[in-house]
Number of protein chains: 2
Amino acid sequence: MNRILALTGALLLTATATAQVFDETTLEVAGELREQALGSELGYEITADLTTRIGNRLAGSENDARAVAWAVEMLEGLGFDRVWTEPVTFPYWVRETERVAIVAPVEQDLVATALGFSPATPAEGLEAEVVMFDDLAALDAAPDASVTGKIVFIRNRMERARDGSGYGPAVQARTGGSLVAARKGAAAIVIRSIGTSTNRFAHTGVMRFTAGSRYVPAAAISNPDADQLERLIALGEPVRMRVTIDASINQTYTSQNVIAQLDGATNPDSIVALGAHLDSWDVGTGALDDAAGVGIVTAAAQLIAGREQRPDRSIQVILFAAEEIGLWGGRAWAEAHGDEVARYLVASESDFGAGPIYEMTAKVADDAMPVIEAIQAELAPLGIAMGERGGGAGPDFSPMMAKGLAAVRLRQDGTNYFDYHHTENDTLDKVDPEAMKQNIAAFAVFAWLAANSPVEFGSGPGLVD
Amino acid sequence: MNRILALTGALLLTATATAQVFDETTLEVAGELREQALGSELGYEITADLTTRIGNRLAGSENDARAVAWAVEMLEGLGFDRVWTEPVTFPYWVRETERVAIVAPVEQDLVATALGFSPATPAEGLEAEVVMFDDLAALDAAPDASVTGKIVFIRNRMERARDGSGYGPAVQARTGGSLVAARKGAAAIVIRSIGTSTNRFAHTGVMRFTAGSRYVPAAAISNPDADQLERLIALGEPVRMRVTIDASINQTYTSQNVIAQLDGATNPDSIVALGAHLDSWDVGTGALDDAAGVGIVTAAAQLIAGREQRPDRSIQVILFAAEEIGLWGGRAWAEAHGDEVARYLVASESDFGAGPIYEMTAKVADDAMPVIEAIQAELAPLGIAMGERGGGAGPDFSPMMAKGLAAVRLRQDGTNYFDYHHTENDTLDKVDPEAMKQNIAAFAVFAWLAANSPVEFGSGPGLVD
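Not measured: the values here are computed from a predicted model. (Residues numbered from 1 in each chain as written. Chains lettered and ligands numbered in written order. Predicted model: local features only at pLDDT ≥ 70, side-chain atom pairs only at ≥ 80, totals over all residues. Heavy atoms only, no water.)

### Overview of the overall build of chain A
Of the regular secondary structure elements, chain A holds 13 helices and 14 strands. Rg of the C-alpha trace for chain A: 24 Å, near the compact-globule value of 23 Å for 465 residues, within the 12% margin. Counting only C-alpha atoms and orienting by the principal axes, one finds that chain A spans roughly 75 × 55 × 40 Å. In chain A, buried positions account for 62% of the 465 residues. In chain A, once contacts between residues fewer than 6 apart in sequence are set aside, the share between residues at least 24 apart is 84%. With an accessible surface of roughly 16800 Å², chain A has 51% of that area assigned to carbon and sulfur atoms. Averaging the coordinates of the 35 positive side-chain charges in chain A and doing the same for the 63 negative ones gives two points 6 Å apart. (Helix = DSSP H or I, 4+ residues; strand = E, 2+ residues; numbered from the N terminus. Rg over C-alpha atoms; globule rule 2.2 N^0.38 Å. Buried < 20%, exposed > 50% of the residue type's maximum accessible area, 1.4 Å probe, protein only. Contact = heavy atoms within 4.5 Å. Areas by Shrake-Rupley, 256 points an atom, 1.4 Å probe, with all protein chains shown as cover. Lys, Arg positive; Asp, Glu negative; His and termini not counted. Charge placed at Lys NZ, Arg CZ, Asp CG, Glu CD.)

Laid out in structure tokens, this is it:
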């Protein structure tokens, strides 16, 4: 078979598959939802309201409770059939103050942020000579004697990429640095921010936390400050630093996952789950991370709720608690609903800003692939291609994926996402209202079609890796 | 006369004028300096060294003294004939801490910076309702009763422009706001930052200061925070704010203008003055403002000092003290040298970052215009056009211009300058090394040719406006 024939055959197959999956009315509604979303301001308004009325909302803070109350009220006003909350309990880490300064050869204050779950230093701070490492592996490989009593500086740089693939390798310094530094007897650890901007913002974020493990105080400095520190070290004189952190891990706090459901017409016990997280870091107003996600999935579901025709299956919007400090909301949800994983047809979270969605990935059973292809055909007018098979549903669904949850990801362009991620600079003006509409259109089309899927997506033990 | 003939005539006139002004050898050296500058790293190295070894250097701080010592040593190492300092005395304002927070309808910390010479608030801060004005004129026109006891918020936005022309209208809120607010009985004043970036940095800067005048505590909030405050006010509930500033004006401090001279061969008592300022704000490392200027004018003069052939006149590099807090260095210099203004052929300062120079302006006597045109002809290969006649020499030379100093300005593209101006984010990575080379080439060609000018530029009472 020559190439043209093969191609024609493939196209015919796709067309046939599409025709078989959804009836004309369902496809017409998908097209209407797409157009409606592109003309609706609701998603941006939700994002603006959350970031303006509440602002930042660190898990466990007063604003956490305010955000939960805000979410319940907001969802109740949007025509869902039911809105409820489910408890999420976690240790509450509180940042009071942090200061990182070079004290020799010259005094310079650096722009810094303590990492989530960092212990405090003594009130007067910890002062020591700085020892620099290329990355976590280099620290791990270093003789203890070269580290003991010193302040470790890890300088690895995050690479910019549309899919955010620079994050994984670089973030090891943040998640694991304090533990390794503690094991080697360091006084404290300071890392170059896990972020791509040259603006002078420090990027906070959580470190791997296990109660009882030994940690040293940990902070990130902004990228220009990391450059400055490298230049000073290169001058050859010993560089000394003082790290002063006041922070504490308090007794546990119970927040809430907030869930809204639109009941399906014919198969309401089968659920398409759309997720985002309601909490944010205590810096910035958590606009891209993740008020935008809250706006996107809520507006997408609301567009469907506003139509006369119900989808066959139910659609849930799940706004997770305490994502930033360790996926506590996602873990609580998987714990509570793990035995009913098969009820969840598929899940997809928006937690990567609001850049244009360029690709759809799916981890579903073979039988569901024609449905996925039919959905992608309706996303294609939005510029969304079919990605490689596999992938996740977003961070908050990962604990449930470990129990076999089928996953779709609508992948946002994250080229600039890590310029703002976990910084003071994650504010509403960083959200592009036009790109957000495309996101909402994609989630609405996906949710509508998935909720009318004639086949299951395979959620259950068969999808566990 | 048709257009082509007119153009040819103009070109011939220019060519003739150029030919008359400088001899071939002088022009050849100008061309060589231009090429040398484009290949030299010296300017950037100076900028990197100052910002790395010293960092920020607020007038009166410990780093001010360090910067003076650094400058003397740096200039002595570069082949000038003489390096000396001249005293500059000024009141020393010290920022300790500042905090601006919305306290109702919801608590939100804002990114803020106290303005230079702001008085302190009580230790517990000042809390009051916010009253918003479009600009300083609107505040000035408001009934006192609408302002008394409140915290004034002025929301005027600076417009972006290549020539920085958005700064003047907007900065009135900063320079005059505290005085007007005090007159009307306000508790404090908070302004939208005078800057063009949407990044969350507050732009500091000085307010008009007269000992004995009545001020209220004054701060600028970042532009995203100003947006947030406007959105909260638009929600309709009263917005209350708390401003807490710890700052003080101390006894006077004496810093130094640092001056280096390259002696002229035939007319050493006539001087071409190149300026920049050595001090910076206490936020950022003062890279664009004005370590870049220090690098540019020093490297330009050093290129000339490094040649066998001396210019006819002397060239001075003047690194001014205490520019940021009110042109104290420039005023002291004009005070000390005002009676010898005629000795200064012309002056030009680099204090607008290091964007590409696009235009030359000149305020000189009519007789000097052919020389200016001949200089511009040698700058044209760098992309530098002739601007309108008039203009200044840069802020530090303005007090001497009031005594008749002739002025040239090599105008940098300032489109992005006010994204960084007076913020924590003014760090070395914001300086473009390639654009800086073009700047140095322009200053070197200008200084060399001006120092070989066959005519005076008219410095003296005749040039006073």
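Still to come is the rest of the account.
### A word on the interface of chain B and chain A
How large an interface is tends to be reported as the accessible area lost when its parts come together. Facing the 29 residues of chain B at the interface are 29 residues of chain A. Taking both sides of the interface into account, the surface hidden between chain B and chain A amounts to around 2300 Å²; carbon and sulfur atoms contribute 49%. Of all residues in chain B, T52, R53 and R200 of chain B give up the largest surface area on contact with chain A, accounting jointly for 24% of the area buried on that side. Applying the counting criterion to the chain B and chain A interface returns zero salt bridges. Between chain B and chain A we count 14 residue pairs in polar contact (both at pLDDT 80 or more) in total. Of all the secondary structure elements, the ones that give two or more residues to the side of chain B that touches chain A are α3 (42-53), α4 (62-76) and α7 (223-234) of chain B. In terms of residues, the side of chain B that touches chain A owes the most to one element, α7 of chain B, which gives four residues. Taken together, the residues that form the side of chain B that touches chain A break down as nine nonpolar, 12 polar and eight charged. (Buried area = accessible area lost by both parts, 1.4 Å probe. Salt bridge = Lys/Arg side-chain N within 4 Å of Asp/Glu carboxyl O. Polar contact = N/O pair within 3.5 Å; in protein donor to acceptor, adjacent residues only side chain to side chain. Nonpolar A, V, L, I, M, F, W, Y, C, P; charged D, E, K, R; others polar.)

### Let's talk about the pairing of strand β12 (residues 357-363) of chain B
Residue and element names in this part refer to chain B. Counting buried residues in β12 gives seven out of seven residues, a clear majority hidden from the surface. Both β12 and strand β14 (residues 407-412) contribute to a ladder of six bridges, which runs antiparallel. Note on β14: the bridge partner recorded for K363 is A407. Across two bridges, β12 lies against strand β13 (residues 385-386) in parallel orientation. Across the sheet, residue M360 finds its bridge partner in β13, namely M386. Tracing the backbone out of β12, into helix α10 (residues 369-379) and back to the parallel element β13 gives a crossover that is right-handed. (Pairing = 2+ DSSP bridges. Right-handed = clockwise from strand over helix to strand, strands pointing away.)

### Considerations on the domain arrangement of chain A
All names here are of chain A. Parsing chain A into structural domains produces domain 1 (20-81 + 263-463) and domain 2 (95-247). Here the C-alpha centre of domain 2 lies 34 Å away from the C-alpha centre of domain 1. Counting from both sides, the interface comprises 21 residues of domain 1 and, opposite them, 20 residues of domain 2. Taken together, domain 1 and domain 2 are joined by two salt bridges. Between D419 and R160 there is a salt bridge, with the nearest N and O atoms lying 3.0 Å from each other. Applying the counting criterion to the domain 1 and domain 2 interface returns 10 residue pairs in polar contact (both at pLDDT 80 or more). Elements with a minimum of two residues in the side of domain 1 that touches domain 2: β14 (407-412) and α12 (417-420). (Domains from an automatic or database assignment.)

### Quick word on the packing of aromatic side chains
All names here are of chain A. Tallying each qualifying case throughout the model produces 27 aromatic pairs over all chains. The interplanar angle of 50° and the centroid separation of 5.8 Å between the aromatic rings of F90 and Y253 together place this pair among those described as tilted. Within this pair, whereas F90 is found in strand β1 (residues 82-104), its partner Y253 is found in strand β8 (residues 240-262), the two being separated by 163 residues in sequence. Judged by its relative accessible area of 23%, Y253 is partly exposed. (Phe/Tyr/Trp six-rings, centres within 6.5 Å; stacked < 30°, edge-to-face > 60°.)

### Structural notes on the side chain of E359 of chain A
All names here are of chain A. Here E359 is to be found in strand β12 (residues 357-363). Among the residues examined, E359 registers a relative accessible area of 18% and is labelled buried. Those residues in contact with E359, other than ones at most four positions away along the chain, are I384, A385, M386, G387, R409, L410 and R411.

### Quick word on the relation of the copies chain B and chain A
Superposing chain B onto chain A takes a rotation of 180° combined with a translation of 0.0 Å along the rotation axis, leaving an RMSD of 0.0 Å. Expressed as a symmetry operation, the mapping of one chain copy onto the other fits a two-fold axis. Judged by C-alpha distance, N199 of chain B is the residue of chain B that lies nearest the rotation axis, at 4.1 Å. When you check the interface residues of chain B against chain A, 100% turn up at the interface there too, and the contact is symmetric in its surfaces. (Least-squares fit on C-alpha atoms with pLDDT ≥ 70 in both.)

### Topic: unusual backbone geometry
Residues and elements named next belong to chain A. P105 follows A104 through a cis peptide bond whose omega is 5°. Position of P105 among the secondary structure elements: in the loop between β1 and β2 (108-110). For the bond running from D289 to D290, omega is 15°, close enough to zero to count as cis. Residue placement: D290 occurs in helix α8 (residues 287-305). Residue F117 is not a glycine yet carries a positive backbone phi of 80°.

### Points about the packing of α3 of chain B against helix α13 (residues 433-450) of chain B
Residues and elements named next belong to chain B. In contact at an axis separation of 8 Å, α3 and α13 are set at 115° when each is read in the N-to-C sense. Along its contact with α3, which presents G43, Y44 and T47, the element α13 presents P433, M436 and I440. Taken together, the residues of the contact of α3 with α13 sort by class into four nonpolar, two polar and no charged. (Axes fitted to C-alpha atoms, helices over the stretch in contact; angles between N-to-C directions.)

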